[in-house]
Amino acid sequence: MKRLISFVFSLLLTLSLSAASQEQMIKNIASLCAKISETTSKFSEERTNPRKPKQTFQGTLTYRSDNYLSMEYTVDTEKFLIENGKMLNRREGKTMKYDLSKNLPMRNLSNTLLYSFSGQLEKLSKEQNTTLEVKEQGDCYLVVLDAVKKQARGYSHIEITYLKKNGQLIEMKMDEFNGLSTLYRLVK
């Protein structure tokens, strides 16, 4: 009986410490990201669609803490911009402009990217209706968000990797319910 009580106590203590360390890592990421007012880096993007060949792009990404994100692709026909509640997406010669207050799928994409860069993981998890788990992997934090239930649109799984030393987002993978997947890699 003493062994059972001791085992249950140590299990509860381990779970409690694990929850505390999860909360601390989430706070660490938020605190580090809050110090980044602007960052620019080269990036690569891989788009995987079960019905098409994989597409790979490169470009320059600029993020600012005032909800600005620009992705300038090396291919002239590609541009992605989020600024002042608006989104511009130019692809294959077509320019699409979105008012994010009126377009839920584009607001979902915009908020996912902005919350990820700004380290607002709890806000991202709540908006996406996901579980939230943070793991330490060497000199990085790996954040995993999994959807609580299947939806018609949105993300089934998101993985975000941040550098521990400065909170810089270096990799982000977003899997959609429809089978599409996008992987962004930023140069450290």
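What this report covers is the structure whose coordinates are included nearby. In this text the structure is predicted, and so the values were computed from the model without any measurement. (Residues numbered from 1 in each chain as written. Predicted model: local features only at pLDDT ≥ 70, side-chain atom pairs only at ≥ 80, totals over all residues. Heavy atoms only, no water.)

Observations concerning the overall build of the protein chain
To keep things clear, this is the line we draw: By definition, any uninterrupted DSSP run of H or I lasting at least four residues is a helix, any uninterrupted run of E lasting at least two residues is a strand, and each is numbered from the N terminus. Burial classes: relative accessible area under 20% of the type maximum marks a residue as buried, over 50% as exposed, and values in between as partly exposed (1.4 Å probe, protein chains only). Contacts are assigned to residue pairs that have any heavy atoms within 4.5 Å of one another. All accessibility values rest on the Shrake-Rupley procedure with a 1.4 Å probe; residue burial counts only the protein chains present in the view.
Across its full length, the protein chain carries 3 helices and 11 strands. In the protein chain, the order of α-helices and β-strands from amino to carboxyl end is α-β-β-β-β-β-β-α-α-β-β-β-β-β. The 188 residues of the protein chain split such that 43% are buried. For the protein chain, long-range pairs separated by at least 24 residues make up 38% of all intrachain contacts whose partners lie at least 6 apart in sequence. With the model as given, the accessible surface of the protein chain reaches about 11,200 Å², and the carbon-plus-sulfur share is 53%.

What about the packing of aromatic side chains?
Applicable threshold: Within 6.5 Å between ring centres, the rings of Phe, Tyr and Trp (the latter by its six-membered ring) count as paired, and their orientation is classed by plane angle as stacked under 30 degrees, edge-to-face over 60, tilted in between. Any Lys NZ or Arg CZ that is within 6 Å of a ring centre and within 35 degrees of that ring's normal is treated as a charge sitting over the ring.
Taken as a whole and judged by the stated rule, the model has 3 aromatic pairs. Ring centres of tyrosine 63 and phenylalanine 117 lie 5.4 Å apart, and the angle between their planes is 20 degrees; this geometry places the pair in the stacked category. Taken together, the residues span a long stretch of sequence, with tyrosine 63 in strand β2 (residues 52–64) and phenylalanine 117 in helix α2 (residues 104–118) at a distance of 54 residues. Aromatic rings pair up to connect Phe43, Phe57 and Tyr73 into one cluster. The ring of tyrosine 68 carries the charged tip of arginine 64 above its face, separated from the ring centre by 3.9 Å. The side chain of lysine 164 reaches across the aromatic face of tyrosine 141, ending 5.8 Å from its centre.

Digging into the pattern of salt bridges
The criterion, for reference: For this analysis, a salt bridge means a side-chain nitrogen from Lys or Arg found within 4 Å of a carboxyl oxygen belonging to Asp or Glu.
In the structure shown here, the tally under the stated rule is 9 salt bridges. Its salt-bridge partner being lysine 86, residue aspartate 99 comes within 3.9 Å of it at the nearest N-O pair. Residue aspartate 99 is found in strand β6 (residues 94–99), and its partner lysine 86 is found in strand β5 (residues 86–91); the two are separated by 13 residues along the sequence. Classification of lysine 86 as partly exposed rests on a relative accessible area of 45%. With a closest N to O distance of 2.9 Å, glutamate 136 and lysine 164 form a salt bridge. Taken together, the positions of glutamate 136 in strand β7 (residues 130–137) and lysine 164 in the loop between β9 (155–163) and β10 (169–176) put the pair 28 residues apart, joining distant regions of the chain. Classification of glutamate 136 by relative accessible area gives exposed; the value is 52%.

Focus on the side chain of threonine 130
Along the chain, threonine 130 falls in strand β7. Excluding anything up to four places from it in sequence, threonine 130 contacts Ser125, Leu145, Asp146, Ala147 and Val148.

A look at helix α3 (residues 121–128)
The condition is simple: Regarding the arc, it is the one traced by the directions from the helix axis to the C-beta atoms.
All buried positions along α3 are accounted for by Leu121, Leu124, Ser125 and Gln128. Here the buried residues of α3 occupy an arc of 95 degrees about the axis, which is enough to place them on one side. α3 presents Glu122 and Lys126 as exposed residues on the side facing more than 90 degrees away from its buried surface.

A look at the side chain of asparagine 49
To keep things clear, this is the line we draw: Two N or O atoms count as a polar contact when they lie within 3.5 Å, although within protein this holds only if one can serve as hydrogen donor and the other as acceptor, and sequence-adjacent residues are included solely when both atoms are side-chain atoms.
Within the secondary structure, asparagine 49 is located in strand β1 (residues 38–49). Using a relative accessible area of 17% as the deciding quantity, one classes asparagine 49 as buried. Within the local environment of asparagine 49, its side chain forms a polar contact with the backbone nitrogen of arginine 51, the two atoms lying 2.9 Å apart.

A short note on the nonpolar core
Note the cut-off: Put simply, a nonpolar core is a bunch of buried Ala, Val, Leu, Ile, Met, Phe, Trp, Tyr and Cys residues held in one set by side-chain atoms that sit within 4.5 Å of each other.
Leu69, Phe80, Leu113 and Ile160 are the most contacted members of the largest nonpolar core, which has 37 residues in total. Not counting the four nearest positions on each side in its chain, phenylalanine 80 is found in contact with Leu69, Ser70, Met71, Tyr73, Met87, Leu88, Asn89, Leu109 and Leu113.

Some points on the sheet that holds β1
Inclusion rule: Any two strands are treated as partners once DSSP identifies two or more bridges connecting them. A fitted line through C-alpha atoms serves as each axis, taken over the contacting stretch for helices, and the angle formed by two N-to-C directions is quoted from 0 to 180°.
The strand order across the open sheet formed by 11 strands is β6-β5-β4-β3-β2-β1-β11-β10-β9-β8-β7, and the pairing between neighbours is antiparallel. The sheet is open, and its two borders are formed by β6 and β7, each paired with just one other strand. Neighbour-to-neighbour, the strand axes of the sheet open up by a mean angle of 15 degrees, direction not taken into account. Note: strand β3 (residues 68–73) against strand β4 (residues 79–83), 4 bridges, orientation antiparallel. Across the sheet, serine 70 pairs through a bridge with leucine 81, a residue of β4. Where α2 meets the sheet, its contacts fall on β2, β3, β4, β5, β6, β9, β10 and β11 (181–186), and the angle it forms with β10 comes to roughly 150 degrees. The strands touched by α3 within the sheet are β7, β8 (140–147) and β9, with β7 carrying the most contacts at an inclination of about 145 degrees.

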